[in-house]
Structures are given as structure tokens and as C-alpha cells.
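# Descriptive analysis of the structure
So the chains spell out like this:
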Amino acid sequence: MSVVSYSESSSDSQDGRWDDWEDDEVSVPMKCLFCAQTFDSAAVLFQHAKQAHGFDFLNTRAALNLDFYQSMRVVNYIRTLSLKDPQFSATTNFSIDGTEAFLADDAYLKPAIADDSLLYALDELDLDDESSRQENLARTANAGESAALQEQKLTARIQALEQQLIQREWEAKHVSQQFEEYREMVKRQFYDSVETTAAPVSEAAETFAEADGSDYYFNSYAGNDIHMQMLQDKVRTEGYRDFIYDNRDIFQGKVVLDVGCGTGILSMFAARAGAAKVIAVDNSDIIHKARANVIENGLDNVITLVKGRIEELELPVKQVDIIISEWMGYFLLFEAMLDSVLVARDKYLAPGGLLAPSASYIYLTAISDQEYMNERANYWDDVYGFKMSAMKERGPVKEADVDVVPSSAVVATRALISEIDHGTATPATLDFTSSFTLQATQDATVHALLGYFDVAFSRVQATCGPSREELAQPVYTSDGSGAVAPKALWKQPESSMHGFTTGPHGTPTHWKQTVFVLKDPIAVAAGDKLHGQFVCRKSTSNPRELDLEITYFHVPAALKNQIDDARQHAVSQKYQLR
């Protein structure tokens, strides 16, 4: 049998074809000098400024013979007027005659807004060609400019070009890296995979596989669909919005860091609430769209967007007053993004600073849901009249399910199994082992245990959430009506504490709940208890995933004093959340 193998020579013969591939350049929108409208090119922007606001930048530059630095001053001067006066956006007749003091004021060489891509584009418009530079040098020399001032202008010119170069270098590096990863993937998939004998895996290949897994996590947040799903989750998005807007006084004038900013929605909430400066960080390519969102909403003078891992970045500020982040995953800890928030806290949060949310809690309860069992756990027993037992999960570890479970399926009290103060937690303490006791609230067959989480938003990190007594309160009122207790839904008008729940008693969220199907159902009567221990650890193969183990045993109410005997019949099950 012949063996088709991949060789370096065959790889090289394909390289020429790769050179024909080109990735789209990242296009950063340019904001109008007067209003919030954005454009893809400077030429179109200046045409809009002429038609809508009565200012012909190009003709003015030519008529007044403005040099590169004066052109920069014009842009920054107009942007400064726009920032100071919201009504300035309605300007329909703006002009300059060349006698304005700002044209010689070097304070206007400093960009009025961060990452102003229009300034980079001035050079591309050939605003300062060689002949005009010679004329400008002669004119400024005739005007008696000092060598120091000319040097200062030259320095500003160099700095602008350096910024443009850095941007171009980053784009080239980013495209090149993506291209190489794609080519390596094709090499492995279409050539290496046809080997008939297994080759030893090199350390470099293992390292690449690990990096690829991490890249996959960030790339999964680059598309629109996942962000639309999260934004449409009103419990999530309005929970953050309401806390920020209801507490504008603690955001007013503060420096805010948004870790994992996504579309920029939380950053824009903070800016609208009066934050003096917001640093928005994301390692996904969604940040390019976030930047466009920020510019479109006229908040680019407050929000600075930075692409990269927070663990590796050096931010443009030494400290921040508040860290906001929507880091939660399934069962709260899936995806391990809280670790990154804690790194940001230790590196940048000022003493007495606040995290939003400030605390989080994981709960466990028990459910009886035969319909769910038929549709999910027992599905393979009868598929259009056929048994497909081979499709069932085998082995000692089961996949935990993520699904929305109706509140009517809950047949026990809840137990708090993890309480996390975001101000003091460390990555190591996020792995936990917790004992629990659940009491049956009715006669039922327990098919599964159910996990979910709540989060708290406090005005003061030192008081990060409700008291233990409040957290231990029943979900349902004691009047027998089946109504949900207001505090279980985080409706606490007498308190300044905000929060929300992802439990079955609340409005369904995109996090749903986590279902741990039991090996064998347990028949319980009202008053019976399930005792046990819950272990949660980051997976050793991928720290963004979770390995979980639940040990449990049933104690009938009539045998409540015989716990030790019941413990002898404890069952232990392992689960994974992937």
C-alpha cells in the first residue's frame, strides 16, 4: 500500500499559492469634525463637512497655504469646540481666515480625542508635499521662528508618523499571524492526517495546540451572533445598566476599566454615567467594532480601547477607580475569565476601589423532571422506535448539561456552595470543595441536581454583598402561595444592593442552569434530606473548562438521626463542563 505523506518540498511548492491570499485591512472609522457621523476615508469626511457644515477644509488649506502642523491644529481646534459645546454639531457655516491665534498654538498639536484616525490620514492626503514643505520652511524662517520651535514642530511630526507606523506594524503582524495559523491548520488537516503511522508529537506542536485552544476562545467572541445573544439577555444587560445608572455619583469623574469589553456596551454605560475616562480592553477582534460603536455614539473622547490580554498589557493609566466586567460563564466559573479580572484588580485597582459585580454565589438544588429525562438523558432508548444504546455516554465521567429548567421542577431547598468576594478572591480559591444539605419540599423523584449562580453589585467593595443570613433565605415565600421572595430576585428597594439571579425561579438568561443528572433517580418524601459534597476544579487539560465531582446520599426524615449509616451508601459521580 502506498503512503501519501506531507513533506517540506510539497509544502514549499504550495507557498506561492498562499501569497495570493490577502486579508482585509482593519478599517478604523473617522469621526466628522463637527457631528458624530463617521466615514471610511478622509476625502469623504471633508466632503461631508463642506456640504453639511459649510467648512471646505481642502480649499481652506490651499487658500491659506496651511502646512501639516497648521492642518493638525485646525482639526484639533474644531474637535475641541465640538467637545465643549454639544450644540456645535449643528454648525452649518464655519470658516477661518488664517489670522486665528490657534494656528500658531502648539497646544493644538495634541490630539483632542484618543486614537484620532483622521490625523493619521492627513499625511495620506498629501497635505505636506515636498514643495510646500520647502515653502513653509522659508516662510517660517522669514517669520523669525526660533530653532527650538521648529524642532518642537518636527518632533510632533515625527511622533504622528511613529503612531501611524505602530498601527501599520500591528496590522501587519496580526494578519501575518492569522495567515500562518491558517496555513498550519491546513497542513495538519490535509497532509499530516493521511499518515498511516503515528508520528511522535513534538513539544512545539503541543505548544501550538495549546495556543490554538486559547485563540479559539477569543475568536469565538469575534462574531456578531454571540454578542447579540448577550445584549438581548435583559437580565444581564439591564442588570449592569441599572446599577451604573442608579449610582451615577460613584462613577462621576472616575477612571473605569472594562475587562473583556465586547461591543463596548458597559464602557458606554459608564461614560454616559459621567466617568472621566474609560479603558476598554478585549483580546478578540470584536474590539474593532467596539471602537466604531464608541465613535458612532460620540464617546471617543472618554473611552480608550485597547486590544490584548489584560495579563500582558500596560495600560495608559497607573490606577483605576472601578473595574467593570461581564466575565461570568456557565455555572459561573466556566471559561475562567474571572481569573483575568482578578489580575486586573491586583495590577490596576486603586485602594478602596470597586469591582462590578462585587460578589457572586453558586447555588445547588434538586429537580424532578421526567420530560427533561425523556428528551435528554433517556433519548437514545427510543429513537423513532429504535434503541441506540451505543450513543449513550459511557465511562466514569458524564457531561453536565446546560439548559433552562422550569421552576416547577424544583423539589428541594437550595444550598449555597460557593461565595466569592471579588475584592479578596484569588485564582487559587476559585476551585472549591463544599458540603451541602438539600431538604425535599414535596414527595417526588429526584432526577438531577441543579446548579446556578447569582451576582451582587455593591456601592462599596468592603460590603460586597448581602449577609449570610440573607443569602440563606428561602427562594419562595412562606405563605404557601408559591410566590418567589423578592430578595431571591434581587428586588430590594430598601437596600442600595443590586444584583440578579440565573436560577429557575427567575427570568431565563443565556447562562441557563447546569444540570447534573443522577446515575439513579432517588424517591424522596417531603422533609427528606440529601447530604453531600461538591468539588469544582479547573480542568487539567484546559483551564477554561471544569471538572466536577458530587458525592451524595439520601436520609429519610424518619431516619434523620442515622446519618452515619446513610453515608455508607453514598454515591459519587464525576462530571465535566466543556
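Predicted model, so just to flag it, every value in this text is computed and none were measured.

## Focus: helix H10 (residues 234-246)
Listing the buried residues of H10 in full gives Val235, Arg236, Thr237, Gly239, Tyr240, Phe243 and Ile244. One side-chain oxygen at the N-terminal end of H10 lies 3.3 Å from the backbone nitrogen of Val235; it belongs to Asp233.

## Comments concerning the sheet that holds strand E5 (residues 303-307)
The sheet built from five strands is open, its strands ordered E5-E4-E3-E6-E7 with parallel pairing. Each edge of the open sheet is held by one strand with a lone partner, namely E5 and strand E7 (349-356). In this sheet, neighbouring strand axes are inclined to one another by 20 degrees on average, regardless of whether the strands run parallel or antiparallel. Pairing between strand E3 (residues 255-259) and strand E6 (residues 320-324): three bridges, direction parallel. Across the sheet, residue Leu257 finds its bridge partner in E6, namely Ile323. Where helix H12 (residues 265-272) meets the sheet, its contacts fall on E3, strand E4 (277-282), E5 and E6, and the angle it forms with E4 comes to roughly 175 degrees. Across the sheet, helix H14 (residues 338-348) is in contact with E3, E6 and E7; its angle to E7 comes to roughly 155 degrees.

## Focus on helix H2 (residues 42-53)
Between its first and last C-alpha atoms H2 spans 15 Å; for 12 residues at 1.5 Å apiece the expected length is 16 Å, and the two agree. When H2 is considered as a whole, its buried residues turn out to be Ala42, Leu45, Phe46, His48, Ala49 and His53. The arc enclosing the buried residues of H2, seen along the axis, measures out at 155 degrees, which places them on a common side. A positive backbone phi angle near 70 degrees is found at Gly54, which sits one or two residues after H2.

## Points about the confidence of the model for the protein
In this model, the protein carries a mean pLDDT of 82, and residues with pLDDT of at least 70 account for 78%. Ranking the helices and strands of the protein by mean pLDDT puts E6 first, with 98, and helix H1 (residues 8-18) last, with 42. Here residues 1-25 is modelled with pLDDT under 50, and outside its nearest four sequence neighbours on either side it reaches 19 contacts, counting other chains as well. Between residues 127-138, whose pLDDT stays under 50, and residues either more than four places distant or in other chains, the model counts 14 contacts.

## Re the nonpolar core
Core analysis: the largest hydrophobic core is formed by 91 residues, its most contacted members being Leu257 and Phe534. Apart from residues no more than four positions distant in its own chain, Leu257 is found in contact with Ile279, Val281, Ile310, Leu315, Val320, Ile322, Ile323, Ile324, Ala344 and Tyr348. If you look at the next biggest cluster of nonpolar residues, it comprises 30 residues, including Phe46, Val75, Phe88 and Ile96.

## Observations concerning the pattern of salt bridges
Under the criterion given, the structure shown has 21 salt bridges. The closest approach of N and O atoms between Arg345 and Asp346, which form a salt bridge, is 2.9 Å. Given a relative accessible area of 9%, Arg345 falls into the buried group. A salt bridge links Arg578 to Asp547; the shortest N-O distance between them is 2.9 Å. Residue Arg578 is located in the segment after strand E18 (571-577), and its partner Asp547 is located in strand E17 (residues 546-555); the two are separated by 31 residues in the primary sequence.

## With respect to the sheet that holds strand E16 (residues 529-538)
Reading across from one edge, E9-E18-E17-E16-E12 is the order of the five strands in this open sheet, with mixed pairing throughout. A single partner strand is all that each edge strand has here, and the edge strands are strand E9 (397-399) and strand E12 (432-439). Across the sheet, the mean angle separating the axes of adjacent strands is 30 degrees when strand polarity is ignored. Direction of pairing for E16 relative to E17: antiparallel, over a ladder of 10 bridges. Bridged to Lys538 within E17 is Leu546.

## Quick look at unusual backbone geometry
Residue Pro357 is reached from Ala356 by a cis peptide bond, and omega for that bond is 5 degrees. Counting through the fold element by element, Pro357 comes out in the loop between E7 and strand E8 (359-367). For Asn65, which is not a glycine, the phi torsion comes out positive at approximately 55 degrees. If you trace the backbone, Asn65 turns up in the loop between helix H3 (57-64) and helix H4 (68-84). Look at Asn65 and you get partly exposed, because its relative accessible area is 31%.

## Brief notes about a nonpolar patch on the surface
Where nonpolar side chains cluster on the molecular surface, the patch consists of Tyr379, Tyr384, Phe386, Met388 and Met391 and spans about 610 Å² of accessible area. Tracing the chain through its elements places Met391 in the loop between helix H15 (370-377) and E9. According to the relative accessible area criterion, Met391 is partly exposed, its value standing at 48%.

Calculation criteria
Residues numbered from 1 in each chain as written. Predicted model: local features only at pLDDT ≥ 70, side-chain atom pairs only at ≥ 80, totals over all residues. Heavy atoms only, no water. Buried < 20%, exposed > 50% of the residue type's maximum accessible area, 1.4 Å probe, protein only. Helix = DSSP H or I, 4+ residues; strand = E, 2+ residues; numbered from the N terminus. Polar contact = N/O pair within 3.5 Å; in protein donor to acceptor, adjacent residues only side chain to side chain. Pairing = 2+ DSSP bridges. Axes fitted to C-alpha atoms, helices over the stretch in contact; angles between N-to-C directions. Contact = heavy atoms within 4.5 Å. Expected span 1.5 Å × (residues − 1). Arc of directions from axis to C-beta. pLDDT = per-residue confidence, 0-100. Core = buried A, V, L, I, M, F, W, Y, C linked by side-chain atoms within 4.5 Å. Salt bridge = Lys/Arg side-chain N within 4 Å of Asp/Glu carboxyl O. Patch = residues over 30% accessible without salt bridge, like charges linked within 9 Å, V, L, I, M, F, W, Y side chains within 5 Å. Areas by Shrake-Rupley, 256 points an atom, 1.4 Å probe, with all protein chains shown as cover.

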